[in-house]
Amino acid sequence: MKETIPVASCEALVQLKTALRKNRRDAHHRYFQIATVTPEGQPKNRTVVFRGFGADDTSLLVITDSRSEKIVELEQNASAEIAWYFTRTREQFRISALTTCVDYRCHSMEDSALRDQVWQQLSEAARAQFFWPGPGLPLDTGTTAAVTDAAPDTFALLKLSPVAIDHLVLSKVQTRRRSQLQDGRWHEHWVNP
Ligand SMILES: Cc1cc2nc3c(=O)[nH]c(=O)nc-3n(C[C@H](O)[C@H](O)[C@H](O)COP(=O)(O)O)c2cc1C
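Everything numeric in this text was worked out from a predicted model, so none of it was measured.

*Asks:* Just checking my understanding: could you explain the pattern of salt bridges for this structure?
*Replies:* Any two side chains of opposite charge can pair, so long as their charged atoms come close to each other. Enumeration over the complete set of coordinates arrives at 14 salt bridges. Residues arginine 67 and aspartate 65 are paired through a salt bridge, measuring 2.8 Å at the closest nitrogen-oxygen approach. With a shortest N-O distance of 2.6 Å, aspartate 103 and arginine 105 are connected by a salt bridge. Given a relative accessible area of 47%, arginine 105 falls into the partly exposed group. What emerges from the salt-bridge pattern is a single network uniting Glu81, Arg94, Asp166, Arg176 and Arg178.

*Asks:* Just checking my understanding: could you explain the side chain of arginine 176 for this structure?
*Replies:* Inspection of the secondary structure assignment puts arginine 176 in strand 8 (residues 175-182). With relative accessibility at 17%, the residue arginine 176 sits in the buried group. Side chain to side chain, arginine 176 and aspartate 166 meet in a polar contact 2.6 Å long. When sequence neighbours within four positions are dropped, the list of residues in contact with arginine 176 reads Arg94, Asp166, His167, Leu168, His189, Trp190, Val191, Asn192 and Pro193.

*Asks:* Help me out: how do you make sense of the packing of aromatic side chains in this one?
*Replies:* The description of an aromatic ring pair uses the distance of the two centres, along with the angle that the planes make with each other. Under the definition given, this model contains ten aromatic pairs. Geometrically, the ring pair formed by phenylalanine 50 and phenylalanine 53 is edge-to-face, given 5.1 Å between the ring centres and 75° between the ring planes. The interplanar angle of 75° and the centroid separation of 5.9 Å between the aromatic rings of tryptophan 119 and phenylalanine 130 together place this pair among those described as edge-to-face. Here tryptophan 119 is found in helix 3 (residues 109-121), whereas its partner phenylalanine 130 is found in the loop between helix 4 (124-128) and strand 7 (155-169), with eleven residues between them in sequence. Considered together, tryptophan 119 and phenylalanine 130 belong to a single accessibility category, that of buried residues. Counting every residue linked through ring pairs, the aromatic cluster contains Phe32, Phe50, Phe53, Trp84, Phe86 and Phe93.

How each quantity is defined
- Residues numbered from 1 in each chain as written.
- Predicted model: local features only at pLDDT ≥ 70, side-chain atom pairs only at ≥ 80, totals over all residues.
- Heavy atoms only, no water.
- Salt bridge = Lys/Arg side-chain N within 4 Å of Asp/Glu carboxyl O.
- Buried < 20%, exposed > 50% of the residue type's maximum accessible area, 1.4 Å probe, protein only.
- Helix = DSSP H or I, 4+ residues; strand = E, 2+ residues; numbered from the N terminus.
- Polar contact = N/O pair within 3.5 Å; in protein donor to acceptor, adjacent residues only side chain to side chain.
- Contact = heavy atoms within 4.5 Å.
- Phe/Tyr/Trp six-rings, centres within 6.5 Å; stacked < 30°, edge-to-face > 60°.

What follows is the structure, encoded as structure tokens:
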């Protein structure tokens, strides 16, 4: 096993940005799966859309409905794992992350502004979903409200801060590198694929 070298920045995140660029022609390259843990300790997984990086250029942004089950799960346990496969370059990123939910109760000016900014960038169709009856409720319960220009209370932004990354590349020579954040520094080493 190679020596673990502490680094201030994370090479795996650099690789992730490269993968986003190289796979940008694939319509689905911004979809990834994110798993959470229910209060009963069961894993729950679902597909979401990557909405860009936060101001720190490291956290991953996702939008969701504040009434959805993942919000309850993340309130109990902020740990989540992303699985992201890029088909063109044949590489997988498994990202362990700590999640911050930025909703209408947010007290940070910066996060609140970021939430507004992401809302403003959404299409009409994407915005409309936040005015539908609550997700997961039986069909035909609740009413659809009129779409407003300002972000509704149902609109939440998830900020996923990576704490570990497992990067697997399935090229002719397969490679796998693990990166872990410890005491504010990234430690990276190669492992068998
Ligand atoms: C291609 C695709 C993209 C999706 N994007 C999102 C998204 O960005 N945010 C989101 O909350 N749900 C998204 N969904 C729906 C989720 O997969 C999931 O069904 C929903 O969030 C409810 O999950 P929960 O009950 O575990 O909270 C997407 C589904 C698909 C198939």
